[in-house]
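Residue-level structural notes
In case you want the letters, here they are:
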Amino acid sequence: MTEQQQAQKITQVPVSLGARGYQIMIGEGLLADPMPYLADILPRPKLALVSDDVVAARYGPALMAALADGGVDVDLHVIPAGEGSKCFAELERLCAALLDFGIERSDLVMALGGGVVGDLTGFAASVLRRGVGVVQIPTTLLSQVDSSVGGKTGINMAQGKNLVGAFHQPRRVLIDLATLDSLPERERKAGYAEVVKYGLIDRPDFFTWLERKGAAVLKGDKQTQAYAVAESCRAKAAIVVADERESGARALLNLGHSFGHAIEAFAGYDGRVLHGEAVAIGCQMALDLSVVLELCPKADADRLRRHLAETGLPHRCTDLCTGLSADRMMDLMAQDKKMSAGVLTFVLSRGIGQAFLSRDVPSDVLRGFLAANLI
Ligand SMILES: NC(=O)c1ccc[n+]([C@@H]2O[C@H](COP(=O)([O-])OP(=O)(O)OC[C@H]3O[C@@H](n4cnc5c(N)ncnc54)[C@H](O)[C@@H]3O)[C@@H](O)[C@H]2O)c1
Ligand SMILES: O=C(O)C(=O)C[C@@H](O)[C@H](O)[C@H](O)COP(=O)(O)O
Ligand SMILES: [Zn+2]
């Protein structure tokens, strides 16, 4: 760690993937002077920056000025904010803009924004000239704790979420906690769902900590945010390092997502249901289904319900979308990437911090469970 990083209290989380390995750098205010965190990986004093209209307006000018001060010429491409931008039309526009910019295979594209900017830009980087580098600069809680790390990139299809995509690890992740200050409360809460997810997967002590400190994280307390973000990154990095391409354990990171992605696809990608909100509901459904299957103590599912309610997160499907039938949900869940040979792998739970994978959920039990929880 350099003197400047020490002075700025930068936390580094390594993602140890050999030649594809990288550092996640977490600190407050690091975008005001980003060169110390980028200089060693910049191939030339010129780079492309991708952002959405909201984030570009708020953080683009200062970041570009700071890079210009460091002698770097920046070309900015702006996409419309929102989930609707994870689509072929925006991908094509972005690829064309990056080619017009003159992107070379050794170049870096910087993604400044939430998971939408990160997923789209990461995917464009994975296919442009068969792969250029990407630096993730996540500005939402969700993207800081989840989407910027691990290399999943992609776009949505009418059939479902992230159905076209690639694994493409970033060269670096720069997390400036100060950007969370301007994030709308609803977005902060949605991102918090993915934080809770790590506690539920395999970090019961972290879940207990969140029960005490979650409100402070959401309120903007920097010390608790720094710990929550770093611990989430450590949790995610450990799983990604164990199974980069999701041939096994990485599917645990999908806790709540079989239900969640189906809810998002049903709602359409128009902002009525945010990804994190769907994940919160999905995690609760995963634990409740585990109770029905007599795998998880009801007290643990109730503990999650209480925490989601206390932090103001939705936890029932009907909180956010109505009219979704059990049959439609089953159809939508059939698009899950964890489906193989017609059987869906579920992420279930034996209790807080004890998630596991199962291909043994009887479809009649699932249908009955959904019927009791939907419409
Ligand atoms: N690749 C992965 O591993 C992974 C993991 C989790 C989620 N995702 C994906 O991430 C997406 C959701 O990401 P998200 O929740 O960050 O949503 P988002 O990217 O849509 O951002 C949410 C909103 O907040 C605005 N915003 C962003 N930063 C801001 C800031 N600092 N201040 C004020 N406004 C700001 C954006 O303009 C947008 O309107 C989904 O598409 C989801 O599927 C991917
Ligand atoms: O990184 C992962 O692996 C995840 O599953 C993280 C999820 O939070 C994220 O929403 C991811 O994009 C879902 O992946 P998908 O493969 O189900 O599309
Ligand atoms: Zn997710």
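Residues numbered from 1 in each chain as written. Chains lettered and ligands numbered in written order. Predicted model: local features only at pLDDT ≥ 70, side-chain atom pairs only at ≥ 80, totals over all residues. Heavy atoms only, no water.

As recorded by an unreviewed UniProt entry, the protein chain carries the name 3-dehydroquinate synthase and is attributed to Iodidimonas gelatinilytica. Here is the UniProt Function (unreviewed entry) comment for the protein chain, exactly as written: "Catalyzes the conversion of 3-deoxy-D-arabino-heptulosonate 7-phosphate (DAHP) to dehydroquinate (DHQ)." (UniProt positions renumbered as here; feature names shortened; annotations may be inferred.)

How large an interface is tends to be reported as the accessible area lost when its parts come together. Taken domain by domain, the protein chain consists of domain 1 (11-182) and domain 2 (202-374). Relative to domain 2, the C-alpha centre of domain 1 lies at a distance of 26 Å. Domain 1 puts 34 residues into the contact, and the matching count from domain 2 is 25 residues. Interface of domain 1 and domain 2: buried area, both sides summed, is about 2,600 Å²; carbon and sulfur atoms make up 64% of it. The interface formed by domain 1 and domain 2 holds 5 salt bridges in total. The residue glutamate 264 makes a salt bridge to lysine 161 at a minimum N-O spacing of 3.1 Å. (Domains from an automatic or database assignment. Contact = heavy atoms within 4.5 Å. Buried area = accessible area lost by both parts, 1.4 Å probe. Salt bridge = Lys/Arg side-chain N within 4 Å of Asp/Glu carboxyl O.)

Next up on the list: the site of ligand 2. In the vicinity of ligand 2, 14 residues are found, and the nearest of them are Asp146, Lys152, Lys236, Arg250 and Lys337. In this structure, an oxygen atom belonging to ligand 2 sits 2.9 Å away from a side-chain N or O atom of asparagine 162. Contact between ligand 2 and histidine 275: an oxygen atom at 3.0 Å from a side-chain N or O atom of the residue. The fraction of the free accessible surface of ligand 2 (430 Å²) that becomes covered by protein chains is 92%. A per-class count over the shell around ligand 2 returns 1 nonpolar, 5 polar and 8 charged. A domain split of the shell around ligand 2 shows at least three residues from each of domain 1 (11-182) and domain 2 (202-374). (Near = heavy atom within 4 Å. Polar contact = N/O pair within 3.5 Å; in protein donor to acceptor, adjacent residues only side chain to side chain. Areas by Shrake-Rupley, 256 points an atom, 1.4 Å probe, with all protein chains shown as cover. Nonpolar A, V, L, I, M, F, W, Y, C, P; charged D, E, K, R; others polar.)

Looking now at the UniProt feature "domain: 3-dehydroquinate synthase N-terminal" (unreviewed entry) in the protein chain. UniProt records the feature "domain: 3-dehydroquinate synthase N-terminal" (unreviewed entry) at residues 78-188, using the numbering of this structure. Taken as a whole, residues 78-188 contains 34% helix and 30% strand, while its terminal C-alpha atoms sit 22 Å from one another. (Helix = DSSP H or I, 4+ residues; strand = E, 2+ residues; numbered from the N terminus.)

Coordination sphere of the zinc ion (ligand 3), protein contribution only: Glu194 (OE), His257 (NE2) and His275 (NE2), at 2.0 to 2.1 Å. Ordering the donors of the zinc ion (ligand 3) by residue number gives the pattern E-x62-H-x17-H. Linking glutamate 194 in helix H7 (residues 185-202) with histidine 257 in helix H10 (residues 257-267), this pair joins segments that are 63 residues apart in sequence. The pair glutamate 194 / histidine 257 is uniform in exposure class, with both members buried. (Donors = N, O, S within 2.8 Å, 3.2 Å for Na, K, Ca; no water. Buried < 20%, exposed > 50% of the residue type's maximum accessible area, 1.4 Å probe, protein only.)

Let's shift gears to the pattern of salt bridges. Side-chain pairing between opposite charges can occur once the charged atoms of the two side chains come close. Inspection of the entire model under this criterion finds 27 salt bridges. One salt bridge connects arginine 20 with glutamate 244, and the closest N-O pair in it is separated by 2.7 Å. In this pair, arginine 20 is assigned in the loop between strand S1 (11-15) and strand S2 (22-27) and glutamate 244 in the loop between helix H9 (222-242) and H10, connecting sequence segments 224 residues apart. Under the relative-accessibility criterion, glutamate 244 is labelled buried at 12%.

As a further point, take the UniProt feature "binding site: NAD(+)" (unreviewed entry) in the protein chain. Following the UniProt record, one finds the feature "binding site: NAD(+)" (unreviewed entry) at Gly115, Val116, Val117, Gly118, Asp119, Thr139, Thr140, Lys152 and Lys161. Since its relative accessible area comes to 16%, glycine 115 is described here as buried. Once residues within four sequence positions are removed from consideration, glycine 115 is found in contact with Thr140, Ser143 and Ser147. Position of threonine 139 relative to the elements: it lies in the loop between strand S6 (133-138) and helix H6 (141-147). By relative accessible area, which is 4% here, threonine 139 ends up buried. In contact with threonine 139, other than residues within four places in its own chain, are Val55, Leu112, Gly113, Gly114, Gln144, Thr179, Leu180 and Leu183.

Across the 6 residues that make up S2, a large majority, 5, are buried. Sheet topology note: the S2/strand S9 (residues 172-176) ladder contains 4 bridges and is parallel. Bridged to glycine 27 within S9 is aspartate 176. (Pairing = 2+ DSSP bridges.)

Here we come to unusual backbone geometry. Positive phi, normally seen in glycine, also occurs at asparagine 162, with a value near 50°. Looking at the secondary structure, you find asparagine 162 in strand S8 (residues 160-167). Positive phi, close to 50°, is recorded for alanine 341, a residue that is not glycine. Mapped onto the elements of the fold, alanine 341 is located in the loop between strand S10 (339-340) and strand S11 (343-344). Judged by its relative accessible area of 79%, alanine 341 falls in the exposed class.

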